[in-house]
Amino acid sequence: MSRARLLIFGAVLVATVVLAVLGYVSLRQWQASAELLFREQSRDMLTMAAEKAEMAILKSEEESLASLQVLLMDPAPRPEALDEWSGRNPIFDSLTLIDRQGQVLYPPGGGQPALLREIPQGVWDRGGRRHLLVGDQVVLAAVIPGPAGGPVLAVLGRSGEAVKRDVLAKTLGGLEGSSVLAVLDAQGEAVYTSGSLDRTHRVLTVAFGEAMPTWRVALYQAEGASPRGDVRRQAMLFMAAFCLLLVVIALGLGATYRVVKRESEMARLKSDFVANVSHDLKTPLSLIRMFGETLELGRAPDEATRREYYAVITRESERLTRLIDNVLDFSRIEGGRQRYEVGPHPVEPLIHEVLDAFRYPLAQRGFKLDVTVAPDLPDALVDPDAIKQALANLVDNALKYSTERRRLGIGARREGEWVVIEVADEGIGIPAGETERIFEKFYRIGRSETQGTRGSGVGLALVKHIAEAHGGRVSVESRPGQGSRFALFLPVAEDRPVAEGRP
């Protein structure tokens, strides 16, 4: 066992060292790649933010142009209607309409814009739109159907304040964490920010598309919030997980040790069980053989002696039968094959049948027997054979573990919805800490008073199983040196359904 323990702990130590080395290498790799990964993720986030803002602007322009086309379907659109259109579309702060001959249709008396020269001839034929930069302002030039059916060039100057208020605040706001998004103009000045830029530093910038050719979206990060900080947090997380793993390993070793110890104890108990059963089988068989051979050889001097020998053979045969039944029933219980035929049955006849089977050994060992059965005792829902087996085991234990004071008391009474059968003795008793364990299979009390008493170690386990299989329970009250009192609680048969073949 000690060598096995050394191997186990050596394996655990090696595993711990390997985990520590792997953890250190992983941390170095995290430190080397964390900043690159952070920048790549930040670039993806900024690209998505820029595309989102640009799509919002393009959608707003599309809706504005659509509503403008509806107005221009009127053969003679009123200037007042176009003024109202400008009020409903604040994203544009100027509107100019020019026909193909270069005449300004709106605003009345307006001059021809210089960007007219930048509109290719093909745009007039096919229709279309493009964003142009006039000074610091982005202008949308679009060819749309005019009042007379001919193409009209709509020149719309975009309002920076409206873009900031109606587009950027809605698409770029609400960023969580310590990061701040900012939109920068051509001079690098912040046009819009999602938060305060105080005590921050710029991480990277991404340019917008054609809709905002001179603006860029930038990511700012608070001081101290860097990839190295993420690495440190990852390291702390790894160390916590590593410590938790060590605890789990230690708990696993402890659990494994307990399982191995319990299995070893169970193997020893099974070995004792086989030895005890072999001895218990050999003793009655030897007596049966001896008295049988004596009778066969005609060595019994008279009829009274022969009857005594016959009684010994019968008694030992019954004892042998009980032992074999215990072993077979325990085997069926272990395999889940044990079944009980439960039905209403009086309890008093069962008690007397068990006592009749033990009458000779009780008289031979000088036991004083007290039997108390309540006169109005109702029937119980029981399997008669199973209850007789449980009582026989309890009486047999009283015989085994009684020394100077040899008194056996058996009583039956009603207690609420239960029929209670008690078996009491004045034997060696049971220590308080072992009253629960005595019902475990193969368990025997490790005391000097019990070492010379043979037993299979399954009798009380059978008693508990039988009681619970009937829907009842078994209890014990005991004090060392003063005896024990076992109580079987069985359900009363009155107003109870009968269950056949209960496991």
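Note: the structure precedes this text.
Residues numbered from 1 in each chain as written. Predicted model: local features only at pLDDT ≥ 70, side-chain atom pairs only at ≥ 80, totals over all residues. Heavy atoms only, no water.

Q: I tried to follow the overall build of the protein on my own but got confused; where do I start?
A: A tally of regular secondary structure across the protein gives ten helices and 16 strands. Across the 503 residues that make up the protein, the buried fraction comes to 39%. Counted over contacts in the protein with a minimum sequence separation of 6, partners at least 24 positions apart contribute 66%. When the accessible surface of the protein is summed, it comes to about 28300 Å², and 54% of that surface belongs to carbon and sulfur atoms. (Helix = DSSP H or I, 4+ residues; strand = E, 2+ residues; numbered from the N terminus. Buried < 20%, exposed > 50% of the residue type's maximum accessible area, 1.4 Å probe, protein only. Contact = heavy atoms within 4.5 Å. Areas by Shrake-Rupley, 256 points an atom, 1.4 Å probe, with all protein chains shown as cover.)

Q: Just checking my understanding: could you explain the nonpolar core for this structure?
A: When a protein is soluble and globular, its nonpolar side chains tend to lie buried together. Ranked by internal contacts, the top residues of the largest apolar core, which has 44 residues, are Ile421 and Leu488. Contributing elements (two or more residues each) for this core: helix H7 (348–364), strand S12 (380–382), helix H8 (384–400), strand S13 (407–415), strand S14 (418–425), helix H10 (459–469), strand S15 (473–479) and strand S16 (483–491). Excluding its chain neighbours within four sequence positions, the residues that come into contact with Ile421 are Val347, Ile351, Ile387, Leu391, Gly411, Ala412, Phe486, Ala487, Leu488 and Leu490. Within the second largest apolar cluster, 39 residues are counted, among which are Leu72, Leu172, Val206 and Met212. (Core = buried A, V, L, I, M, F, W, Y, C linked by side-chain atoms within 4.5 Å.)

Q: I keep staring at the sheet that holds strand S9 (residues 216–222) and nothing clicks. Help me out?
A: Each strand in a sheet pairs with another by means of backbone hydrogen bonds, the pair being arranged parallel or else antiparallel. The strand order across the open sheet built from four strands is S7-S6-S9-S8, with neighbouring strands paired in antiparallel fashion. Each edge of the open sheet carries a strand with a single partner, namely strand S7 (190–193) and strand S8 (200–207). Neighbour to neighbour, the strand axes of the sheet diverge by 30° on average, direction disregarded. With six bridges joining them, strand S6 (residues 179–184) and S9 adopt antiparallel strand pairing. By the bridge assignment, Leu181 is partnered in S9 with Leu219. On top of the sheet, helix H4 (residues 160–172) reaches S6 and S7; it is set at about 50° to S7, its chief contact. (Pairing = 2+ DSSP bridges. Axes fitted to C-alpha atoms, helices over the stretch in contact; angles between N-to-C directions.)

Q: Would you explain the pairing of strand S1 (residues 92–99) in this entry?
A: Within a regular beta strand, the side chains point alternately toward one face of the sheet and then the other, so they alternate between its two faces. Counting buried residues along S1, six of its eight residues qualify, which places the element largely inside the surrounding structure. Where S1 and strand S2 (residues 104–106) come together, two bridges link them in antiparallel fashion. Bridging from a neighbouring strand, Leu97 pairs with Tyr106 of S2. Count of turn residues in the S1/S2 antiparallel hairpin: four residues, of which Gly102 carries a positive phi of about 90°.

Q: Explain H4 to me, please; I cannot follow it from the model alone.
A: Every α-helical turn comprises 3.6 residues, leaving residues that sit three or four positions apart pointing alike. A rise of 1.5 Å per residue sets the reference length of H4, with its 13 residues, at 18 Å; its end C-alpha atoms lie only 15 Å apart and thus fall more than 12% short of the reference. Burial in H4 covers these residues: Ala162, Val163, Val167, Leu168, Thr171 and Leu172. (Expected span 1.5 Å × (residues − 1).)

Q: Can you walk me through the packing of aromatic side chains in this structure?
A: To describe a pair of aromatic rings, one takes the distance between the centres and the angle between the planes. Per the stated rule, a full pass over the model turns up one aromatic pair. Seen from their ring centres, Phe439 and Phe486 are 6.3 Å apart, and the 80° between their planes marks the pair as edge-to-face. Taken together, the positions of Phe439 in the loop between S14 and helix H9 (448–451) and Phe486 in strand S16 put the pair 47 residues apart, joining distant regions of the chain. Here Arg473 stacks its cationic end above the ring of Trp418, 5.9 Å away from the centre of that ring. (Phe/Tyr/Trp six-rings, centres within 6.5 Å; stacked < 30°, edge-to-face > 60°. Lys NZ or Arg CZ within 6 Å of the ring centre and 35° of its normal.)

Q: Help me understand the side chain of Thr171, please; the structure alone is not making it clear to me.
A: Within the element layout of this structure, Thr171 appears in helix H4. In this structure the side chain of Thr171 is engaged in a polar contact, spanning 2.8 Å, whose partner is the backbone oxygen of Val167. In this structure Thr171 touches Lys52, Ala53 and Ala56, once residues within four positions along its chain are discounted. (Polar contact = N/O pair within 3.5 Å; in protein donor to acceptor, adjacent residues only side chain to side chain.)

Q: Teacher, can you tell me more about unusual backbone geometry here?
A: Working note: non-glycine residues mostly have negative phi, and peptide bonds are mostly trans. Pro107 follows Tyr106 through a cis peptide bond whose omega is 0°. When you line up the elements, Pro107 lands in the loop between S2 and helix H3 (121–126). We note that Arg199 has phi near 55°; this positive angle belongs to a residue other than glycine. Within the element layout of this structure, Arg199 appears in the loop between S7 and S8. What makes Arg199 exposed here is its relative accessible area of 65%.

Q: Explain the environment of Ala487 to me, please; I cannot follow it from the model alone.
A: Among the structural elements, Ala487 can be located in strand S16. Remark: the alpha-carbon pair of Ala487 and Glu477, spanning ten residues in sequence, is separated by 8.6 Å.

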